[in-house]
Amino acid sequence: MQELALNAWLAANPEVVQIPGRDLFIIARYLVPMDATLAQGCLVAAGIPAVLADAHLMQTDLLLAPALGGVRILVPSDYLQQAGAVLEGLARGDYALDESFTAE
C-alpha cells in the first residue's frame with residue numbers, strides 16, 4: 001500500500017528522480033549553493049535525512065552550475081512526501097522570519 005502511495009506521488013512530481021542503484025531521490029536542485037544549504041537545513045530540522053550533492057563543485061565556479069544541473073538535494077524514498085511538503089512550505093515563505101522577530 002505504501003509503495004502505491006509513493007508511486008502516485010512520484011507520478012504527480014515528475015521532477016523527482018531516483019539515483020540509479022540507490023534508495024535516494026533528487027528532491028530539489030538549486031543553482032546557488034547557499035539556497036541549497038538553507039533548504040537542506042529546513043529538511044534536517046524537520047527530521048528528514050537530506051544530503052547535498054555537488055555543493056562544493058558549484059562553489060568553486062558558479063558559472064558551471066547551469067551546465068552541471070546545480071546542487072542536488074537527496075532524500076531517501078521513505079521521506080519523499082514529507083520532504084516535498086517541507087520544500088513547498090519553504091517556497092511559500094512559511095519559515096521566514098517577519099520584521100517583528102526577536103530572539104527572546
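Residues numbered from 1 in each chain as written. Predicted model: local features only at pLDDT ≥ 70, side-chain atom pairs only at ≥ 80, totals over all residues. Heavy atoms only, no water.

Colleague: For this particular structure, what's the right way to read the overall build of the chain?
Modeller: For the chain, the helix and strand inventory stands at 5 helices and 4 strands. When its helices and strands are written in sequence order, the chain yields α-β-β-α-β-α-α-β-α. By residue count, 35% of the 104 residues in the chain fall in the buried class. The contacts of the chain with a sequence gap of at least 6 include a subset with a gap of at least 24, amounting to 62%. Accessible surface, the chain as shown: approximately 6,800 Å² in total, 59% of it carbon and sulfur. For the chain, the distance from the average position of its 4 positive side-chain charges to the average position of its 12 negative side-chain charges is 10 Å. (Helix = DSSP H or I, 4+ residues; strand = E, 2+ residues; numbered from the N terminus. Buried < 20%, exposed > 50% of the residue type's maximum accessible area, 1.4 Å probe, protein only. Contact = heavy atoms within 4.5 Å. Areas by Shrake-Rupley, 256 points an atom, 1.4 Å probe, with all protein chains shown as cover. Lys, Arg positive; Asp, Glu negative; His and termini not counted. Charge placed at Lys NZ, Arg CZ, Asp CG, Glu CD.)

Colleague: I tried to follow the pairing of strand 4 (residues 71-76) on my own but got confused; where do I start?
Modeller: Side-chain direction in a regular strand flips from residue to residue, so the side chains alternate between the two faces of the sheet. Summarising burial for strand 4: 6 of the 6 residues are buried, a large majority. Here strand 2 (residues 24-30) runs beside strand 4; their pairing, made up of 6 bridges, is antiparallel. Paired with Ile-26 across the two strands is Leu-74, which belongs to strand 4. Bridging between strand 3 (residues 51-53) and strand 4 involves 3 bridges; their strand directions are antiparallel. Bridge pairing in strand 4 places Ala-53 opposite Arg-72. (Pairing = 2+ DSSP bridges.)

Colleague: Just to check I follow, could you spell out the nonpolar core for this structure?
Modeller: General note: in soluble globular proteins, nonpolar side chains tend to be found buried as a group. Membership of the largest hydrophobic core comes to 17 residues, with the highest contact counts inside it found for Ile-27, Leu-43, Ile-73, Val-75 and Leu-80. Put simply, the parts of the chain that give this core at least two residues each are helix 1 (2-12), strand 2, helix 2 (33-45), strand 4 and helix 5 (80-92). Element by element, the count of residues in this core is highest for helix 5, at 4 residues. When near neighbours in sequence (up to four residues on either side) are disregarded, Ile-27 contacts Trp-9, Val-16, Ile-73, Val-75, Leu-80, Ala-83, Gly-84 and Leu-87. (Core = buried A, V, L, I, M, F, W, Y, C linked by side-chain atoms within 4.5 Å.)

Colleague: I would appreciate a short explanation of the environment of Leu-64 in the present structure.
Modeller: The topology assignment puts Leu-64 in the loop between helix 3 (55-60) and helix 4 (65-68). A sequence separation of 33 residues divides Leu-64 from Leu-31, and the C-alpha atoms of the two residues are 9.3 Å apart.

Colleague: Hey, could you run me through a nonpolar patch on the surface in this one?
Modeller: Taken together, the side chains of Leu-31, Val-32 and Met-34 present a nonpolar region at the surface, about 300 Å² in accessible area. Judged by its relative accessible area of 42%, Val-32 is partly exposed. (Patch = residues over 30% accessible without salt bridge, like charges linked within 9 Å, V, L, I, M, F, W, Y side chains within 5 Å. Salt bridge = Lys/Arg side-chain N within 4 Å of Asp/Glu carboxyl O.)

Colleague: Help me understand the side chain of Arg-72, please; the structure alone is not making it clear to me.
Modeller: Summarising the element assignment, Arg-72 is placed in strand 4. Polar contacts involving the side chain of Arg-72 include one to the side chain of Asp-54, which spans 3.2 Å. Other than its neighbours up to four places away in sequence, Arg-72 contacts Ile-19, Ile-26, Ala-28, Arg-29, Val-51, Leu-52, Ala-53 and Asp-54. (Polar contact = N/O pair within 3.5 Å; in protein donor to acceptor, adjacent residues only side chain to side chain.)

Colleague: In this structure, what is going on with the pairing of strand 2? I would like to understand it.
Modeller: Burial runs high along strand 2: 5 of the 7 residues are buried. In the sheet, strand 1 (residues 17-18) pairs with strand 2 via 2 bridges, with the strands oriented antiparallel. The residue of strand 2 that forms the bridge with Gln-18 is Phe-25. Where strand 1 folds back onto strand 2 in an antiparallel hairpin, the turn is made up of 5 residues, including Gly-21, whose phi is positive at roughly 75 degrees.

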